[in-house]
Amino acid sequence: MLEVIPSGKILGATVAGLNLAQPLSEANFTAVQSALGAHGVLRFPKQQLTAQQLVDFSARFGKLEINVANSYQEPGLPEIMILSNMLENGKPIGMSDAGQSWHTDMSYSRTIAFANVLYGIKIPRRNGKTLGNTEFCSMHAAYDGLPDELKRQLEGKTVLHDFNKFWEMMRREKGSTRPPLTEAQRKAKPPVSHPIFLTHPLTGRKVLYANPGYSMRINELPEKESDDLLAFLFEHQTQPAYRYAHEWHEGDLMLWEDIGTIHNAVADYGPHEHRLIKRCQVMASVFGDDFAQ
Ligand SMILES: [Fe+2]
């Protein structure tokens, strides 16, 4: 029997009693989707999944993205991206610095992300403490917490998002091995605009849809005013009151939705503290044209 145990925090719940190596029944799928709306971030502990089973579970929630950064895909399964700092024969087996700053996946894409599915295979620990947490902020709370006057001012406005902003920010980090995006990669991901407030498809409530990683500009405002307001929004949306930290355990399958949350991969482990996570991304096209322009 499936059991949803809320974290008691602003986001997060553990879903116990499911073996995700088996196909989800309709009833369990509905229960998981509803828990995802209620809690944003779900943990399914103690899973043992093959790469194909990870893809099959993820694909229940919508069409899967094949990422433009294609160097670290699972052999034969391009829907899976490998996130790791491990080496094999001196070569990295995965992307080592994925997501190490506040962002939401695929806001830079015409079809935005609905959900992320991450499977934790190797999790670093030091002196009994788990390293490499994934932190989240609630964008339902961020919207609700905006002053009414600002909600009115920003209603109907749009934000420009650019994949290259986050990529370049990561390249400037010490020790980054990311090459600049090629012309072809940049052409494949030109900047796109989305409404600054979205109505969340699972909750029917408004969320703030902007993030420090990809958001460049509020299109309808003069540049200076846009810069000032975005700086305010980035500070506002990442305030401690809206945060939740997930501490990984090996065998955790994490499912979170990307429309009502932003996240940050905490980079507090060294190159010899091994981490291996496999990831699928579910696109929001399943919810129609508002999310897939
Ligand atoms: Fe991410």
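Residues numbered from 1 in each chain as written. Predicted model: local features only at pLDDT ≥ 70, side-chain atom pairs only at ≥ 80, totals over all residues.

Draft legend 1. Focus on the nonpolar core. Grouped together as the largest cluster of nonpolar side chains are 63 residues, with contacts concentrated most on Leu42, Val117, Leu208 and Tyr209. Per-element tally for this core: the top contributor is strand β8 (residues 113-122), with six residues. Every residue in contact with Leu42, bar those within four places of it in the chain, is listed here: Ala13, Val15, Ala35, Leu36, Leu255 and Trp256. (Core = buried A, V, L, I, M, F, W, Y, C linked by C-beta atoms within 7 Å. Buried ≥ 20, exposed ≤ 12 C-beta atoms within 10 Å, placed from the backbone. Helix = DSSP H or I, 4+ residues; strand = E, 2+ residues; numbered from the N terminus. Contact = placed C-beta atoms within 7 Å.)

Draft legend 2. Region of interest: the sheet that holds β8. One open sheet holds the eight strands; their spatial order is β1-β2-β3-β18-β8-β20-β5-β4, and the pairing between them is mixed. Looking at the sheet topology across the chains shown, the edges are occupied by β1 (3-6) and β4 (73-74). Inspection of the sheet shows β8 paired to strand β18 (residues 253-257) by five bridges, in the antiparallel sense. Bridge assignment links Asn116 to a residue of β18, and that residue is Trp256. Packed on one face of the sheet, helix α2 (residues 51-59) meets β4, β5 (77-84), β8 and β20 (276-283) and runs near 110 degrees to β5. (Pairing = 2+ DSSP bridges. Axes fitted to C-alpha atoms, helices over the stretch in contact; angles between N-to-C directions.)

Draft legend 3. Representation of unusual backbone geometry within the structure. Although it is not a glycine, Asn89 sits at a positive phi angle of roughly 50 degrees. Following the sequence through the fold, Asn89 ends up in the loop between β6 (87-88) and β7 (91-92). A tally of 5 C-beta atoms within 10 Å means that Asn89 is categorised as exposed. One non-glycine residue with positive phi stands out, namely Met106, at about 70 degrees. With respect to the helices and strands, the residue Met106 is situated in the loop between β7 and β8.

Draft legend 4. Representation of helix α5 (residues 163-171). The complete set of buried residues in α5 reads Phe163, Phe166 and Trp167. Take α5 and look down its axis: the buried residues cluster within an arc of 100 degrees, on one side only. (Arc of directions from axis to C-beta.)

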